[in-house]
Amino acid sequence: MDFNMKKLASDAGIFFTRAVQFTEEKFGQAEKTELDAHFENLLVRADSTKNWTEKILRQTEVLLQPNPSARVEEFLYEKLDRKVPSRVTNGELLAQYMAEAASELGPTTPYGKTLIKVAEAEKRLGAAERDFIHTASINFLTPLRNFLEGDWKTISKERRLLQNRRLDLDASKARLKKAKAAEAKATLWSDEVDKAEQELRVAQTEFDRQAEVTRLLLEGISSTHVNHLRCLHEFVESQTTYYAQCYRHMLDLQKQLGSSQGAIFPGTFVGTTEPASPPLSSTSPTTTAATMPVMPSVAGLVPPGEAALCLEEVAPPASGTRKARVLYDYEAADSSELALLADELITVYSLPGMDPDWLIGERGNKKGKVPVTYLELLS
């Protein structure tokens, strides 16, 4: 009991001494041991890494789960070390509603059949979203959380210890300074100065040791950046896979709806949005489905199913031409295609037998095939 009381009294004394030293430093009444510039830079870099990791983590969580209540629920399950219950995605829920609507409104009607087709596509989108969330959580969110809850806590603990060692060191310096001043006035014995010098040596050794430990941890932030870089690549890869799956599912759905719409509303042409080659621009294009009248057969044109067109024999139809604005540059692959420049206006029209992903474009006396997805069709 006596030992514990003495230890508590000693700890209280150390805490009081540090508090006094810290307060006097804040008011400029005591000297403070400064860390070197490299160490200060390491501290700033570590703080920036921690702050931005938190922000990226939180916003990625919002991206993967926009519902704040669901995020709180997942957080609680994680803290309780329990498995998060499987949750229906928004796409899957929409698919369920559409399928139920089709069942009630008539699955054999045109509207019912279309609802079923769209519901199947939305269900596949929901499954793709679920896979993306799972992959992104494992490969991206988990490593970020591990850093904040593991490495960063260790760094913070050692930094607090370093702060305490520095306060002890500066307090020892102040005591030695006062002892020497008192000795000069012959009010203290020399052994008091020796005691203060010994305390200073011990404090300096402990400070230097703790500074080295903290420095090594801070320099390890570079390895953290390398690890986060690898995780970032994996996140982008999973996101790319997800959007590619969504694109394929929606393209298949659009083709199904295009064929069924032609049967329900004859005399219309519905162009799909799949380009022959990916756009060169890094910006995702905003495409507009082309809906244009189908022209009557023209003698001399190639029959349906053949890709080649004899451009010399192609003439603009009497009706059905439209203006289109080019969204981004396109380099013609061969002489049958028309090269495009972003923001220019051209005249476009469709012909029987053409691939629905393409239109005939004219600029002055030049003409050729152009991909639909590189155009914004104007009314």
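Chemist: Summarise unusual backbone geometry; cite the residues concerned and give the values.
Modeler: Phi is positive for D343, which is not a glycine, with a value near 75 degrees. With respect to the helices, strands and loops of the structure, D343 is situated in the loop between β3 (322-326) and β4 (345-349). According to the relative accessible area criterion, D343 is exposed, its value standing at 54%.

Chemist: Could you give an account of the sheet that holds strand β7 (residues 375-377), with specific residues and numbers?
Modeler: On the basis of which strands lie adjacent, the open sheet formed by five strands has the order β6-β5-β4-β3-β7 and antiparallel pairing. At either end of the open sheet lies a strand with only one pairing partner, and these are β6 (366-371) and β7. Neighbour to neighbour, the strand axes of the sheet diverge by 40 degrees on average, direction disregarded. In this sheet, β4 lies alongside β3 in antiparallel orientation, the contact comprising four bridges. Following the sheet pairing, R322 is matched in β4 by V348.

Chemist: Give me the lowdown on the confidence of the model for the protein, citing residues and values where you can.
Modeler: Averaged over all residues, the pLDDT of the protein is 81; the fraction at 70 or higher stands at 77%. Taken element by element, the predicted model of the protein shows its lowest mean pLDDT in strand β2 (residues 291-293) (41) and its highest in helix α2 (residues 37-64) (95). Here residues 266-307 is modelled with pLDDT under 50, and outside its nearest four sequence neighbours on either side it reaches 84 contacts, counting other chains as well.

Chemist: Lay out the pairing of β3 in plain terms, naming residues and giving numbers.
Modeler: As judged from the three bridges shared by β3 and β7, these two strands associate in the antiparallel manner. Opposite V326, over in β7, you have L375 as the bridge partner.

Chemist: Could you give an account of the pattern of salt bridges, with specific residues and numbers?
Modeler: On inspection of all chains with the given rule, the structure shows 14 salt bridges. Ionic pairing is found between D170 and R166, a salt bridge with its closest N-O pair at 2.7 Å. In this pair, D170 and R166 both sit in helix α5 (residues 110-184), four residues apart, roughly one turn of the helix. A relative accessible area of 4% means that D170 is categorised as buried. Taking relative accessible area as the criterion, R166 reaches 5% and is therefore assigned buried. In this structure, the salt-bridge partner of R363 is E344, at a minimum N-O distance of 2.8 Å. With R363 in strand β5 (residues 358-363) and E344 in the loop between β3 and β4, this residue pair connects regions lying 19 residues apart in the sequence. A single network of salt bridges, built from pairs that share partners, joins R58, E61 and R145.

The rules we used
Just so you know, the residues in each chain are numbered from 1, in the order the chain's sequence is written. Totals for whole chains, interfaces and linings use every residue, but because this is a predicted model, local features are given only for residues with pLDDT of at least 70 and side-chain atom pairs only at 80 or more, for both listing and counting. To get the side-chain values, take all heavy atoms of the structure and skip hydrogens and water. We count a stretch as a helix when DSSP gives it H or I for four or more residues in a row; a strand needs E for two or more, and each element gets its number in order from the N terminus. Burial classes: relative accessible area under 20% of the type maximum marks a residue as buried, over 50% as exposed, and values in between as partly exposed (1.4 Å probe, protein chains only). Note on pairing: DSSP must find at least two bridges between two strands before they are called paired. As a rule, the C-alpha atoms of each element are fitted with a line to give its axis, helices using only the stretch in contact, and angles between N-to-C directions run from 0 to 180 degrees. As a per-residue quantity, pLDDT reports the predictor's confidence and falls between 0 and 100. By the convention used here, residues are in contact when the closest approach between their heavy atoms is within 4.5 Å. Salt bridge, as used here: a side-chain nitrogen of Lys or Arg that lies within 4 Å of a carboxyl oxygen of Asp or Glu.

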